[in-house]
Amino acid sequence: MKDLLQKQLLVIFLIALETGFFVSQAQAQSPAYKTLLSTLYDESFPVVKPNQIKDLSNYQILDTREKPEFEVSHLSGSQWVGYDTFSLESIKNLDKNKPVLVYCTVGARSEAIGKKLKEAGFTRVYNLYGGIINWVNEGQEVECKGLPTQKVHTYSQAWGIWLEKGEKVYE
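Residues numbered from 1 in each chain as written. Predicted model: local features only at pLDDT ≥ 70, side-chain atom pairs only at ≥ 80, totals over all residues. Heavy atoms only, no water.

Caption draft 1: Here's a closer look at the overall build of the protein. Along the backbone of the protein there are 6 helices and 9 strands. Taking all 171 residues of the protein together, 46% fall into the buried category. Taking contacts inside the protein between residues at least 6 apart in sequence as the whole, the part at least 24 apart equals 67%. Accessible surface computed for the protein: about 8,900 Å², of which carbon and sulfur atoms make up 51%. (Helix = DSSP H or I, 4+ residues; strand = E, 2+ residues; numbered from the N terminus. Buried < 20%, exposed > 50% of the residue type's maximum accessible area, 1.4 Å probe, protein only. Contact = heavy atoms within 4.5 Å. Areas by Shrake-Rupley, 256 points an atom, 1.4 Å probe, with all protein chains shown as cover.)

See the structure below:
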């Protein structure tokens, strides 16, 4: 999956460069990033955008990235569940009828986990549109050990090009 995502990113990046598709960092989200996301998402799976979230405490928040990514920073109140190691056992205490917000770096891994949750009977599962990268680009806070931080693990240098705010961490 990692190779496929990186190939998709490279193709879209090259097209964006060639067509002058990038915009200034003053804008919240570039058209190129939106185009990238449209190639990664299943249109039938519900997303929620950062500006639509008024209170994170209304959600059961699941971070579907790997542990080192989570340890750099995460959304406040999120529970790490991982992607490669995800199991339904790790979420047995969640309420299947309360909204669940899943997220990862850009939204691909979290959508896959979200589909597993729906198959397991969770009724209201939403993918965070654009992942933690878009969350931070939209001016929302992340934390580490309960304290605000500017650091964001962007999965790789290739994915890090999309982070416009904050401090990029790759390892």
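Caption draft 2: Quick look at the pairing of strand 4 (residues 100-103). Burial along strand 4 is two-sided: the face carrying V100 and V102 and the face carrying L101 and Y103 are both buried. As paired strands, strand 2 (residues 60-63) and strand 4 are joined by 4 bridges and run parallel to one another. Bridge pairing links L62 to V102 in strand 4. Sheet analysis places strand 4 next to strand 5 (residues 125-128), joined by 3 bridges and oriented parallel. (Pairing = 2+ DSSP bridges.)

Caption draft 3: Structural detail: helix 2 (residues 31-40). Buried residues of helix 2: A32, Y33, L36, L37 and L40, and no others. One face of helix 2 carries all of its buried residues, which in axial projection span an arc of 135 degrees. (Arc of directions from axis to C-beta.)

Caption draft 4: Inspection of the side chain of T105 at higher detail. Inspection of the secondary structure puts T105 in the loop between strand 4 and helix 4 (108-119). What makes T105 buried here is its relative accessible area of 3%. There is a polar contact of 3.3 Å between the side chain of T105 and the side chain of E69. Leaving out residues up to four positions away in the same chain, T105 has contacts with Y33, R65, E69, G130, G131, I132, I133, H153, T154 and Y155. (Polar contact = N/O pair within 3.5 Å; in protein donor to acceptor, adjacent residues only side chain to side chain.)

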